[in-house]
Amino acid sequence: MTRRLALTLVAFAGTVALVPCSTHAQIRASERGGVSQTIDGTTIAIDYARPQARGRSELYGGEIPYGKIWTPGANWATTIEINKDITINGHALPEGKYSVWLQVGEGDWTAIFDPEPRRFHLMGPPPSDEQVRFAVSPQAAPHTEILTWSFHEVRPTGTTLRMAWGPRAVTFDIRVQPSRDLTVSADLASRYVGSYTLQLMGPFGDGQVSFDLVHENDRLVGHWENPPSPRLGEFWLISLGEGMFAAGELDDGELFDIVMDVIFEFSPYEGRATAFDLRVLGDALWGHGERR
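Note that the structure is a prediction, hence the values are computed from the model and not measured.

1. Some details on the pattern of salt bridges
- As enumerated under the stated definition, the model contains eleven salt bridges in all.
- For the salt bridge of R279 with E265, the shortest nitrogen-to-oxygen distance reads 3.2 Å. Of this pair, R279 sits in strand β18 (residues 272–280) while E265 is found in strand β17 (residues 254–269), placing the two residues 14 residues apart along the sequence.
- Of the residues examined, R279 reaches a relative accessible area of 17% and is grouped as buried.
- Each of the salt bridges in this network shares a partner with another, and the network as a whole consists of E153, R155, D173 and R175.

Structure follows, in structure tokens:
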């Protein structure tokens, strides 16, 4: 050992001795991160460490050998925590906290959700009946330098969860339990199906629009006669009880938003609706409709 190196080590040791030791302020190569999303009262939270590719071109099949069970993160296993039951890629995942693992392969991978959340990243879980396992298909994706979990799409009934690192990404379709029943029984729907003309007022102007209400796939569906575009041609009525319905906006046939500030308040006659008021922002009257 040279004298310069010895002096450097002594000086370094002296500096370390002066720095308070803390296990809560360590600089890590893969710092911890997290992301969460709430959908209709269901909260989904991902906690994970974020490794960087650092020029490693062969991550899958190289750094992560095919067949290896790997947590998509680092240090300690990535976890997912949910406060209500959900489905993920069509598989039931009960409320709770799970460690998340992927078994990589040349084709499909296997996703594993294990009920033991606290696991070291090199200690993949053995198979058990309590795990949720299913195949996933990784997609080629633009290079992601630092491993990233994100909620790639959010809908009133669910979300798309995405993990991306290096040249690959994996997506999970998550569906939540709706707080409101989106279906309408045939008996209830029979009171409202028919054709209506709506006289607009207030900020909507003073024009008239018409629509038909039909019962389709256990839902009360409205079809505008002259929609501004095909994508806006339909809407759902979501029952709030006592002849009151919220408007459900659709996007390509899928529920996009439940507009609780737009309420259809029907007036029944001998059990069958004859007219309705369109109320907005509490109790403001913005339209009146009559059965044709």
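After that view, the rundown keeps rolling.
2. With respect to the nonpolar core
- W70, I80, F113, W149, W165 and F172 are the most contacted members of the largest nonpolar core, which totals 34 residues.
- If you tally residues by element for this core, the top one is strand β11 (residues 158–176), at seven residues.
- Once residues within four sequence positions are removed from consideration, W149 is found in contact with V35, I46, Y48, P72, T78, V100, L161, R162, M163 and F172.
- Counting 22 residues, the second-largest nonpolar core is a separate cluster that includes F211, F245, A247 and W286.

3. Some thoughts on the sheet that holds β18
- Within the closed barrel, the eight strands sit side by side as β12-β13-β14-β15-β16-β17-β18-β19. Their pairing is antiparallel. Each strand of the sheet is rotated relative to its neighbour by a mean of 35°, with strand direction disregarded.
- Alignment of β18 against strand β19 (residues 284–291), held across six bridges, turns out to be antiparallel. Pairing of A275 across the sheet is with E290, part of β19.

4. Focus: the confidence of the model for the protein chain
- For the protein chain, per-residue confidence averages 86 on the pLDDT scale, and 88% of positions sit at 70 or higher.
- Predicted confidence for residues 1–26 stays below pLDDT 50, and this span has three contacts to residues more than four positions away or in other chains.

5. Some thoughts on the sheet that holds strand β5 (residues 86–88)
- Ordered in space as β6-β5-β11-β10, the four strands form an open sheet in which the pairing is antiparallel. Edge positions in the sheet fall to β6 (91–93) and β10 (139–155), since each has one partner strand and no second. On average, each strand axis in the sheet is tilted by 30° relative to the strand beside it, whichever way the strands run.
- Direction of pairing for β10 relative to β11: antiparallel, over a ladder of ten bridges. Looking at β11, one finds that W149 is bridged to M163.

6. Here we look at the pairing of strand β8 (residues 109–114)
- The buried count for β8 comes to five of six residues, which makes it a mostly enclosed element.
- The pairing of strand β7 (residues 96–103) with β8 spans five bridges and is antiparallel. Residue pairing across strands places W101 opposite I112, the latter belonging to β8.
- Both β8 and strand β9 (residues 132–136) contribute to a ladder of five bridges, which runs antiparallel. Bridging across to β9, A111 finds its partner in F134.

7. Some points on the environment of S190
- With respect to the element layout, S190 can be found in the loop between α2 (186–189) and β12 (194–200).
- Separated by 82 residues in sequence, S190 and R272 place their C-alpha atoms 7.8 Å apart.
- A polar atom in the side chain of S190 sits 2.6 Å from the backbone oxygen of D187.

8. Concerning unusual backbone geometry
- We note that N89 has phi near 50°; this positive angle belongs to a residue other than glycine.
- Relative to the assigned elements, N89 resides in the loop between β5 and β6.
- Located in the positive-phi region is E242, a residue other than glycine, with phi close to 55°.
- In this structure, E242 sits in the loop between β15 (234–241) and β16 (244–251).

9. Structural notes on a nonpolar patch on the surface
- Judged by side-chain polarity, W76, F120, L122 and M123 come together as a nonpolar surface patch covering roughly 400 Å² of accessible area.
- Summarising the element assignment, W76 is placed in the loop between β3 (69–70) and β4 (79–82).
- Judged by relative accessible area, W76 falls into the partly exposed class, the value being 34%.

Scoring rules and cut-offs
- Residues numbered from 1 in each chain as written.
- Predicted model: local features only at pLDDT ≥ 70, side-chain atom pairs only at ≥ 80, totals over all residues.
- Heavy atoms only, no water.
- Salt bridge = Lys/Arg side-chain N within 4 Å of Asp/Glu carboxyl O.
- Helix = DSSP H or I, 4+ residues; strand = E, 2+ residues; numbered from the N terminus.
- Buried < 20%, exposed > 50% of the residue type's maximum accessible area, 1.4 Å probe, protein only.
- Core = buried A, V, L, I, M, F, W, Y, C linked by side-chain atoms within 4.5 Å.
- Contact = heavy atoms within 4.5 Å.
- Pairing = 2+ DSSP bridges.
- Axes fitted to C-alpha atoms, helices over the stretch in contact; angles between N-to-C directions.
- pLDDT = per-residue confidence, 0-100.
- Polar contact = N/O pair within 3.5 Å; in protein donor to acceptor, adjacent residues only side chain to side chain.
- Patch = residues over 30% accessible without salt bridge, like charges linked within 9 Å, V, L, I, M, F, W, Y side chains within 5 Å.
- Areas by Shrake-Rupley, 256 points an atom, 1.4 Å probe, with all protein chains shown as cover.

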